[in-house]
Each structure stands twice: as C-alpha cells, then as structure tokens.
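Below are the chains, spelled out letter by letter.
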Amino acid sequence: MGAGEIHLGKKESIEDTAKVLGSMFDGIEYRGFAQKDVEDLAKYSGVPVWNGLTDKWHPIQMLADFMTIKEKFGHLKGLTLAYVGDGRDNVADSLLVAGSMLGVNVHIVTPKPLFTHPDVQKIAEGFAKDSGSRNLITDDIEQGVKGANIIYTDVWVSMGENDWSERIKLLKPYTVTMKMMYMTGTPDDQLIFMHCLPAFHDRTTKVGKEIYEKYGLSEVEVTDEVFNSQYAWQFTEAENRLHSIKAIMAATLGNLFIPSVDEGSK
Ligand code: NVA
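Model, not experiment: these values are computed from the prediction.

Draft legend 1. Representation of the pairing of strand S1 (residues 28–31) within the structure. Here S1 shows a buried face lined by Ile-28 and Tyr-30 and an unburied face lined by Glu-29 and Arg-31. Summarising the sheet, S1 and strand S2 (residues 49–53) pair through 4 bridges and their orientation is parallel. Each residue of the ladder has a partner; that of Arg-31, found in S2, is Leu-53. Once you follow S1 into helix H2 (residues 35–45) and on to S2, the crossover reads as right-handed.

Set out below in structure tokens:
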C-alpha cells in the first residue's frame, strides 16, 4: 500500500491504522519514513512488524548484505567493509552496527561533517567488544579503504533530505572509482563492490539527468565503470533481499520447520 492509498498519520493515527492492519494481516512490513512510526506499528498492531527502511535504520537490508558477503567469501569474521560516502545515513549506521555484531571490521570513510553520530558509535562499540570487530571512522580515503574486501556506497542524499549542492561539495572526492578499488591493495578475487540501490551511476534516470544538468556530474556516488566491473555484486545483493525477507517472515510468523542437514538430504 502506497502512502497515497492509506491514511497513515495523516487522517488516521498510526495507532488506529496499526489496529486495522493488525486485524487483517499476519504481519506488516513498513518501508516508509519515521522510525517512530514503525515502532508504533509494532506496539499497536499485535502482529510482527518488519522494518523495510526508515530514516534511521535499514535492518532487513543488512541481512541481505551480510548474506551476500558470506555467499562470496564463505565467512564473515575478520573481513573488512569500507563504506564510502554519506557516513551517517540509515545504511551507513546500520552497516556499522550489523558489522559489529558479526565480527566484520567496518570503516566509515566520509568527510568530518558526516561522521557517525556518537550514539550510533556507542551502540556499535558495544557489539564490537564481543565480536572483535575493529572499526574506523575516518575522512582519509587511502587509510579507510586500505585492506578492504568490500567497498560499499549509498546515495548521497537520503529520504527526507534534498540538499544536493551541499552534499556534492562534501562528497565529490568520495565517489567510488576504479582508482579507489585499486587503492585497497586487495587481490581481485578478495574484493567486491556493493550498493543497496538505487544508484546514480549514469544519466539514464530523471534524477540522474537533473544532477547532470545542475551540477555537471554524470556519475555520483559510484562510477559506471565500477558499477559494471568484475567487482560488482550489487545485483546479487538485490536478489538476496528476496531470500532474506522470506526467511525473516518464516522465522517470525511461527510454525517454521527447519530440517536438519541430514533430514533435508533424505
Ligand atoms: N539511504 C537511502 C537508502 C535507500 C535504500 C535513503 O534513505 O534514501
């Protein structure tokens, strides 16, 4: 249901909508805006609520992302993920926290004004202590990407924001280029590129065209070359959204039978 099709928070309180939806559905995935709204849906609907994206967090994306990384490398612990771009958006914060839960070293590579909020750093540090993740927040690209196995980026202007000119000024040096991929010093078969999508890597979209006309940039957070290179894993990552959300729904709706490896192969 799109925002134009329901009243959510406009003509009807979140609490009331939660009760209506909860009476009709077995679960609700909310991909919207305010984190508070998804929390209220969970509080009042009486059914499982999955956070499909809010202004604060992107947790289900994390499951698909780390599933993708495991698919490529066979393990997670000890790998290094360098997130290059807007260092305090919903995706960057989620990667820092999720990576810290899983023993992946997360480097947030971003200009100083976009450094991760201390509250989020604190959450990540709490998990990193147990998992052994060694995290880094830096504006130094060379230091930040060195040794990375995964170079990850996201759009420079996220939901609820609109100031492209300020972001372009800050982030232009942080575009993911082939030069940056080589700067990792990581062997080709141990290095991938990821992006949660949608991505501005060319001028084929309406917004991509507008950015080009206004700011002269035909590629924004990642070059078309990297996006289409041997390192590109963003479409496997996108496919894994399907498998991971199915798993979450199965796990949280109950009545899930998971056969053991032995039983499964009979
Ligand atoms: N940071 C992006 C994520 C898109 C999936 C946004 O909030 O628009």
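Draft legend 2. Focus on the UniProt feature "domain: Aspartate/ornithine carbamoyltransferase Asp/Orn-binding" (unreviewed entry) in the chain. Annotation from UniProt places "domain: Aspartate/ornithine carbamoyltransferase Asp/Orn-binding" (unreviewed entry) at residues 77–251. The span residues 77–251 is 45% helix and 12% strand, and its two end C-alpha atoms sit 24 Å from each other.

Draft legend 3. The arrangement of the UniProt feature "domain: Aspartate/ornithine carbamoyltransferase carbamoyl-P binding" (unreviewed entry) in the chain in detail. Residues given the UniProt feature "domain: Aspartate/ornithine carbamoyltransferase carbamoyl-P binding" (unreviewed entry) here are residues 6–71. In this annotation, residues 6–71 is assigned 53% helix and 14% strand; the end-to-end C-alpha distance for the span is 38 Å.

Draft legend 4. How the structure looks around the side chain of Asp-40. With respect to the secondary-structure elements, Asp-40 resides in helix H2. Take Asp-40: its relative accessible area is 13%, and that puts it in the buried class. When near neighbours in sequence (up to four residues on either side) are disregarded, Asp-40 contacts Ile-14 and Ala-18.

Draft legend 5. The sheet that holds strand S5 (residues 136–138), seen in detail. Strands sit in the order S5-S4-S3-S6-S7 across an open sheet of 5 strands; the sheet is parallel. In this open sheet, the two edge strands, each paired with only one partner strand, are S5 and strand S7 (192–195). The average undirected angle you get between the axes of adjacent strands in this sheet is 20°. The sheet contact formed by strand S4 (residues 105–109) and S5 spans 3 bridges and is parallel. Directly across from Ile-108, in S5, lies its bridge partner Ile-137. The sheet contacts of helix H4 (residues 90–102) involve strand S3 (80–84), S4, S5 and strand S6 (150–153), and relative to S4 the element is tilted by about 155°.

Calculation criteria
- Residues numbered from 1 in each chain as written.
- Predicted model: local features only at pLDDT ≥ 70, side-chain atom pairs only at ≥ 80, totals over all residues.
- Heavy atoms only, no water.
- Buried < 20%, exposed > 50% of the residue type's maximum accessible area, 1.4 Å probe, protein only.
- Helix = DSSP H or I, 4+ residues; strand = E, 2+ residues; numbered from the N terminus.
- Pairing = 2+ DSSP bridges.
- Right-handed = clockwise from strand over helix to strand, strands pointing away.
- UniProt positions renumbered as here; feature names shortened; annotations may be inferred.
- Contact = heavy atoms within 4.5 Å.
- Axes fitted to C-alpha atoms, helices over the stretch in contact; angles between N-to-C directions.

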